[in-house]
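Descriptive analysis of the structure
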Amino acid sequence: MESIKRRTHTCGELRAEHSGETVTLHGWAESVRDKGGVMFLILRDRYGTVQITLNDSCGDEAWTDAKATRLEYVLEVDGVVHARSEQAVNQNMDTGAIEVIASRVRILSRTKPLPFQISDDARASEEVRLQYRYLDLRRRPLQNSLMIRHKAALSTRRYMDAAGFYEIETPILNRSTPEGARDYLVPSRVHPGHWYALPQSPQIFKQLLMVSGMDRYFQIVKCFRDEDLRADRQPEFTQIDVELSFATRELVIEIANGLVREVWKDVIDVEVGEIPIITYAEAMTRFGRDAPDMRFGMEHTTLDWAGSEFQVIGRAVEAGGIVKAMVVKGAVEGTSRKVIDGWTEFVRRYRLGGLLWGKVNADGWSGPLSKVEEKYRAMIPDVEVGDVVLVGAGPAAHVHAGLGKLREQIARQRELIPANTFAFVWVVDFPNFEWDEDNEIWTSMHHPFTKPLDEHIGWLGTDKMGDILSDAYDLVCNGYEIGGGSIRIHDAKLQAQIFTALGLSEEEAKDKFGFLIDALQYGAPPHGGLAMGFDRWCMMLCGTENIRDVIAFPKTTTAQDLMAGAPNLVANEQLDELHVSNVVTSKEPSDD
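Thresholds, definitions, all that
Residues numbered from 1 in each chain as written. Predicted model: local features only at pLDDT ≥ 70, side-chain atom pairs only at ≥ 80, totals over all residues. Heavy atoms only, no water. Pairing = 2+ DSSP bridges. Helix = DSSP H or I, 4+ residues; strand = E, 2+ residues; numbered from the N terminus. Axes fitted to C-alpha atoms, helices over the stretch in contact; angles between N-to-C directions. Contact = heavy atoms within 4.5 Å. Parallel < 35°, antiparallel > 145°, perpendicular 65-115°, else oblique. Left-handed = near helix turned anticlockwise from the far one by under 90°. Buried < 20%, exposed > 50% of the residue type's maximum accessible area, 1.4 Å probe, protein only. Polar contact = N/O pair within 3.5 Å; in protein donor to acceptor, adjacent residues only side chain to side chain.

1. A closer look at the sheet that holds strand β3 (residues 48-54)
- Within the closed barrel, the five strands sit side by side as β1-β2-β3-β5-β4. Their pairing is mixed. Put simply, the sheet's adjacent strands are angled 55 degrees from each other on average, direction ignored.
- Relative to strand β4 (residues 74-83), strand β1 (residues 22-34) runs antiparallel, the two being bridged by seven bridges. By the bridge assignment, T24 is partnered in β4 with D78.
- Packed on one face of the sheet, helix α1 (residues 60-68) meets β1, β2 (39-45), β3 and β5 (98-109) and runs near 70 degrees to β5.

This is how it looks when you write it as C-alpha cells:
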C-alpha cells in the first residue's frame, strides 16, 4: 500500500500570496460537485476549508478518484495554487481568494453511509450526535470550542506560572471523605472489602501541600461527583484548583481577578474591568440567588407589609415569612392572564405558594394587588404606568428561590439579557452552616475546612450557629457560579471545634479526616484558595449554555456515554477478583 505524502499546507492557510506554489493537502471531502467537464471538491481539515478544482488539465487518474469521491471521504490532493479573479472570490471562505488546481487526487479512506450530515447547524438529535461523537466533533462549532478550551488552559498555566504557582498532581485514588455529593467508589483487589474513592476535589491534599511548604499550588484537575446532572454539570468535570499560603481573602480575589482578566483577554479579546463584591445577604435580598445574573435589572425589594390586612400577606408575615416585590417594566402590554398563570406555576416549583400580581394602568391598579392598601403599594419603588408588579410572600428561602428564578425566566422570555456581555461579581460572607431540617443537624454550607470570620468563632456550639459567617467567596458570571473558595482552618483546635459543632465525634472526625488533623499540628501556615469550574469557564467563553458543547466526550444527563456504552456490565470473573457481587436490575435508566 502506498504511504501518504507529507502535507505542505493545511486547508485553512492558503492565500493569494501562495499562488503558483505546488502543494499537498489532506482532509475530508465536505462537498463534491460534478459539473461535467469540471469538478469542485471542498476539502476540510481542522484548520479550515479550501476549494479543489479539477479540469481538463488534470490526468485520468485524478479524474477517476475524484469521481469516486463521496462526502466525508479522506483525500490526499496534489495541485497548484491559483489566485481567483476578483469577481470569483468567495467571501464566505477564508481561503476564498484562491483555488487549488488538482494534479492528483487519492482516496485514503472511504466512509459508510453517514448517520447524519456533517454540518455546522447540527440538524441531528443530540442523542444521535453523542452516539457518533467522533463524527459530531468534525463540525466546526465543536472544534472551535475545543480550540478555545485549549487556549484557556494555556493562558491559565502561563498566568499561574508567572504568579509563582507550581502545578502539582494529586491522587485520583483516595479514601472516601464525603463532601456533600456522593463519591464514585472503586473496589480494591488487593485489600478485599476496601474501597477507593475518586476525588470530588483535591481539597485535603492541597491543604497538605501548604503544610509541606510548597506555598503556591495550582492544578487543572479532573474531579468526580455522583450527583444529578443538568445542562451545566457533568459527573466528571475539570476545575482550576488553587491554594496559597499566608493568604487573605483579598489576596485570593486579587489573584483570581488577574487570571480571569488574562484568560478572557487572551482567548476572546474581552476586557474584564473591575469586578464588584457584594455580600451573600445582599445577593439574596436584591436577586433571590447567591449566584445572581447582573446583566439586567428587575431587582427585588423587601417590603415591610406587617400591618397589611390583606389575608395572604398577613398569614405569611405572622408565620415569620417575608414579602418581596419585583417590577417588570413596561410589561402590561403582552402580559395576559395566561402568562401570569404560567409564572405562578413556575414559582411553585421552588415551593413558593403563588404570586400576587398587579398591572399599573393609566386609571389605576388591576389584579390582586389592587386590593392591598394603597400605603403599602406605595412602598414598592420605581413603579410607573405600564408596569407589572409581582409579589411573593412566605418563608424566606421559598420567596428568594421562587422570585430569583422567575426574574431570570422573565428576562429570557422578554429578551432583556444583552448578548455577548459578561457580568462578573464576587459574593462573600456566606453563612458557615445551614440547618438540615430532615436530619435536624447543622451542616457546612461549603465544607468543614472553611474558617469562620474571626469575630464569629466564639458562637460555635451556641444558639447563634446560624448567624456565623464564613471567610468564603464565590465568583459568579452571568448567573453561574464559576469559582468558589475560602480561607481555610489552619489551627487544629479550631478544626476540632468545627467537627464538634457539626455533630462529629472525635472518633468519627479522626476516621474521616485524621491525616489532615494530624498535619495541622505540625506548623500549618494560614492558607486559603479556591476552585474555578474550568468547564463552565469554557462554556462562557464559547457562548453556549450546554456544558457538553465544550467537552470532547461528555456524558448524558443520566451519566451515560452513548458512544462507548458506559457504564457497562462486566464479567463475573472480574467481579470475583474484586470481591464484589454483581447486582443487576431489569430496568435501564432512560436519558429523558
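2. Observations regarding the packing of helix α4 (residues 140-162) against helix α14 (residues 534-542)
- Orientation of α4 relative to α14, taken along the N-to-C sense of each, is 120 degrees, at an axis distance of 10 Å. Classified by the angle between their axes, α4 and α14 sit oblique to one another. Regarding α4 and α14, the two cross each other, and that crossing is right-handed. Contacts between α4 and α14 involve S145, I148, R149, A152 and A153 on the former and, on the latter, F534, D535, C538, L541 and C542.

3. Looking at the side chain of T69
- Within the secondary structure layout, T69 lies in the loop between α1 and β4.
- Overall, T69 belongs to the buried group, its relative accessible area being 1%.
- Of the polar contacts made by the side chain of T69, one reaches the backbone oxygen of D65; its length is 2.8 Å.
- Excluding residues that lie within four positions of it along the chain, T69 makes contacts with A29, V32, L75 and I107.

4. Topic: unusual backbone geometry
- A cis amide bond links A566 with the next residue in sequence, P567, at an omega value of 0 degrees.
- Along the chain, P567 falls in the loop between α14 and α15 (572-578).
- The residue M298 is not glycine, and still its phi comes out positive at about 60 degrees.
- Given a relative accessible area of 11%, M298 falls into the buried group.
- Positive phi, normally seen in glycine, also occurs at D429, with a value near 60 degrees.
- Accessibility expressed as a relative area gives 19% for D429, which makes it buried.

That is the geometry; function is a separate question.
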